[in-house]
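As a plain string of letters, each chain reads:
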Amino acid sequence: MSLYKAFFKIIKKNLFSVLLYFGITIGIVMLLNGIYADNESKKATLDKYDIYVENQDDSEYADAVVEFLKKSHKVKDKKLEEDQIKDLLYYEQIVSYIRIPKGFGDTFEKTGENQIINTYDDSMPVGLYISLQLDNYLNALRGYTEQGLSIPEASEKTEESLDITKYVSIDAVEKQKYGTLKGNFNYLPFGILSILIMGVFPAIVAFNKGEKRNRIQVSSMTPGKRNFWIFFGGATFSMIILVVLILVASFMNGGSGAVPGNVDGGASSDVSSFLFTESWWLAVTNAFVFTLVVAMMISMLANIPFLASASASAFSNIIGLGFSFLGGTFVPLSILGDGVQKVARFLPNYWYSTAVNRIFSGGGFEDVWDCYVIQLAFGLVCLFVGLAASRVTAERRQMA
């Protein structure tokens, strides 16, 4: 029991580093999820710009164009003089001045010619975007009217055909059924790696060198009991960190709870319905297996003499960031190059991220068990290498 208490006293000396990396992990989850959620919601809406429309034509076509622009942009209704319009364009209070000349409706009905004049600052491409938007609208409107539809009916069908937001929103809602929970669990490996290395690695190294090692060896405590208490201390600390990170991943949902990509903004992702389901348990098991693998890897680092002499912060930065970028924690596996993926397959992060992708795509245990096994295989290799290094080191000390 004394070794168990001593283990946590050593961790207490490194408490600032542990809390620092814990805070970094929480910050990464909040930051990346916030950016992700914002980007998804913006993809589902079209930007609206301030414009001024002057309708000089008394026709149904002109009225349809004005109504379309009012739905697509922020149209100023107040009557403005020419000098006022120029000032508004100069100070960028409006991005476009659209004038529908008299006779536009008759000419457009007969020839399909677009006589609408769009005045804008050439240095701002937004004005050109509005011109293209008008061209698309008028072309589709004329096509529907030639099929025999009335102008209001043709305008309604045209607006529906040009509305791309419905396709984006449907796709986003389907893919983000549980909000940002997939991202939360996908970011956990960085926290697990960094925090455990900063906490457990220095403690194990401290028991294997110097006066602490000599005192333990001459004490009445058997080697088996000594290893048990050190293992129990590391396991306790690892489980505490794992539980806290799982709680963070389970309940932090991008800050708002809204399903990314929902253009209505009113529906929310029922995160509580995901808790304690088969998918949640599979995600938790995946994190547990990864934590176990990290613990085995730390035991190898601590038992190889030239690695044990390195600082924990160096390993935390090199291994934590390296594994995270190569293994799909920070960069999605889908955009990694073929060469990078070939290397990443030898890292536990790759198979952890693969399991997360399968779980949140509706996969069951039969779809992810191989990811668990490969992660454990990596951990067992590290464990055996560490035990072999520890035995060789002990034999050399006895011979010396």
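Everything that follows concerns the structure shown earlier in this document.
The paragraphs below set out a description of the structure included in this document. Please read these numbers as outputs of a predicted model, since none were measured by experiment. (Residues numbered from 1 in each chain as written. Predicted model: local features only at pLDDT ≥ 70, side-chain atom pairs only at ≥ 80, totals over all residues. Heavy atoms only, no water.)

Remarks on the overall build of the protein chain
The secondary structure content of the protein chain amounts to 17 helices and 4 strands. Counting over 400 residues, the protein chain shows a buried share of 46%. Sequence-distant contacts, at least 24 apart, represent 75% of the contacts inside the protein chain between residues at least 6 apart. On the protein chain, roughly 21500 Å² of surface is accessible, and the fraction owed to carbon and sulfur atoms is 59%. (Helix = DSSP H or I, 4+ residues; strand = E, 2+ residues; numbered from the N terminus. Buried < 20%, exposed > 50% of the residue type's maximum accessible area, 1.4 Å probe, protein only. Contact = heavy atoms within 4.5 Å. Areas by Shrake-Rupley, 256 points an atom, 1.4 Å probe, with all protein chains shown as cover.)

Describing the nonpolar core
Judged by nonpolar contacts, the single largest core of 71 residues is most densely connected at Phe-185 and Phe-201. Ranked by residues supplied to this core, first place goes to helix 9 (residues 181-207) with 16 residues. Ignoring anything within four residues of it in the chain, the contact list for Phe-201 reads Leu-196, Ile-298, Leu-301, Ala-302, Leu-307, Ala-308, Ala-310, Ala-312 and Phe-315. Core analysis: the second largest hydrophobic core is formed by 25 residues, Leu-69, Ile-98, Phe-104 and Ala-154 among them. (Core = buried A, V, L, I, M, F, W, Y, C linked by side-chain atoms within 4.5 Å.)

Examining the packing of helix 3 (residues 60-72) against helix 6 (residues 125-146)
The interhelical angle for the contact between helix 3 and helix 6, taken along N-to-C directions, is 130°, at an axis separation of 11 Å. By the angle between their directions, the pair helix 3 and helix 6 is classed as oblique. As helix 3 packs across helix 6, the resulting crossing turns out to be right-handed. Listed contacts from helix 6 to Tyr-61, Ala-64, Val-65, Phe-68, Leu-69 and Ser-72 of helix 3 are Gln-133, Leu-134, Tyr-137, Leu-138, Leu-141 and Thr-145. Split into classes, the residues belonging to the contact of helix 3 with helix 6 amount to 9 nonpolar, 3 polar and no charged. (Axes fitted to C-alpha atoms, helices over the stretch in contact; angles between N-to-C directions. Parallel < 35°, antiparallel > 145°, perpendicular 65-115°, else oblique. Left-handed = near helix turned anticlockwise from the far one by under 90°. Nonpolar A, V, L, I, M, F, W, Y, C, P; charged D, E, K, R; others polar.)

Brief notes about a negative patch on the surface
Together, Asp-58, Glu-60, Asp-63, Glu-67, Asp-106 and Glu-109 make up a region of like negative charge exposed at the surface. Where the negative patch is concerned, the elements lending two or more residues are helix 3 and helix 5 (104-111). Take Asp-58: it is sitting in the loop between strand 1 (50-55) and helix 3. (Patch = residues over 30% accessible without salt bridge, like charges linked within 9 Å, V, L, I, M, F, W, Y side chains within 5 Å. Salt bridge = Lys/Arg side-chain N within 4 Å of Asp/Glu carboxyl O. Lys, Arg positive; Asp, Glu negative; His and termini not counted. Charge placed at Lys NZ, Arg CZ, Asp CG, Glu CD.)

Side note on the sheet that holds strand 4 (residues 117-119)
Read across the sheet, 4 strands follow the order 2-1-3-4 without closing on themselves; strand pairing throughout is mixed. Each edge of the sheet is formed by a strand with only one pairing partner; in this case those strands are strand 2 (74-76) and strand 4. The average angle at which neighbouring strand axes cross in this sheet is 30°, direction not considered. Where strand 3 (residues 96-100) and strand 4 come together, 3 bridges link them in antiparallel fashion. (Pairing = 2+ DSSP bridges.)

Examining a nonpolar patch on the surface
Residues Phe-16, Leu-20 and Ile-24 make up a contiguous nonpolar surface patch of about 310 Å² in total accessible area. Its location among the elements puts Leu-20 in helix 2 (residues 15-43). On the basis of relative accessible area, Leu-20 is assigned to the partly exposed category, the value being 42%.

Quick look at helix 6
The terminal C-alpha atoms of helix 6 lie 32 Å apart, and with 22 residues this matches the ideal 32 Å at 1.5 Å per residue to within 8%. Every buried residue belonging to helix 6 is among Val-126, Gly-127, Ile-130, Ser-131, Gln-133, Leu-134, Tyr-137, Leu-138, Ala-140, Leu-141 and Thr-145, and all of these are buried. Next to the buried residues of helix 6 lie strand 1, helix 3, strand 3, helix 5, strand 4 and helix 7 (151-162). Following helix 6 by one or two positions, Gly-148 has its phi on the positive side, about 100°. (Expected span 1.5 Å × (residues − 1).)

Digging into the pairing of strand 3
Counting buried residues along strand 3, 4 of its 5 residues qualify, which places the element largely inside the surrounding structure. By the bridge criterion, 5 bridges tie strand 1 to strand 3 in an arrangement that is parallel. Residue pairing in the sheet places Glu-54 in a bridge with Arg-99 of strand 3.

Overview of the pairing of strand 1
As paired elements, strand 1 and strand 2 share 3 bridges and run parallel to each other. Note that in strand 2 the partner of Ile-51 across the bridge is Val-75. Read from strand 1 through helix 3 to strand 2, the crossover connection turns out right-handed. (Right-handed = clockwise from strand over helix to strand, strands pointing away.)

Quick look at helix 7
With 12 residues, helix 7 should reach 16 Å at 1.5 Å per residue; the first-to-last C-alpha distance of 16 Å fits that figure. Listed as buried for helix 7 are Ile-151, Ala-154, Ser-155, Thr-158 and Glu-159. All buried residues of helix 7 project into a common sector of 135° when viewed along the axis, lining one side. Structural note: helix 7 exposes Pro-152 and Glu-156 on the side pointing more than 90 degrees away from its buried face. (Arc of directions from axis to C-beta.)

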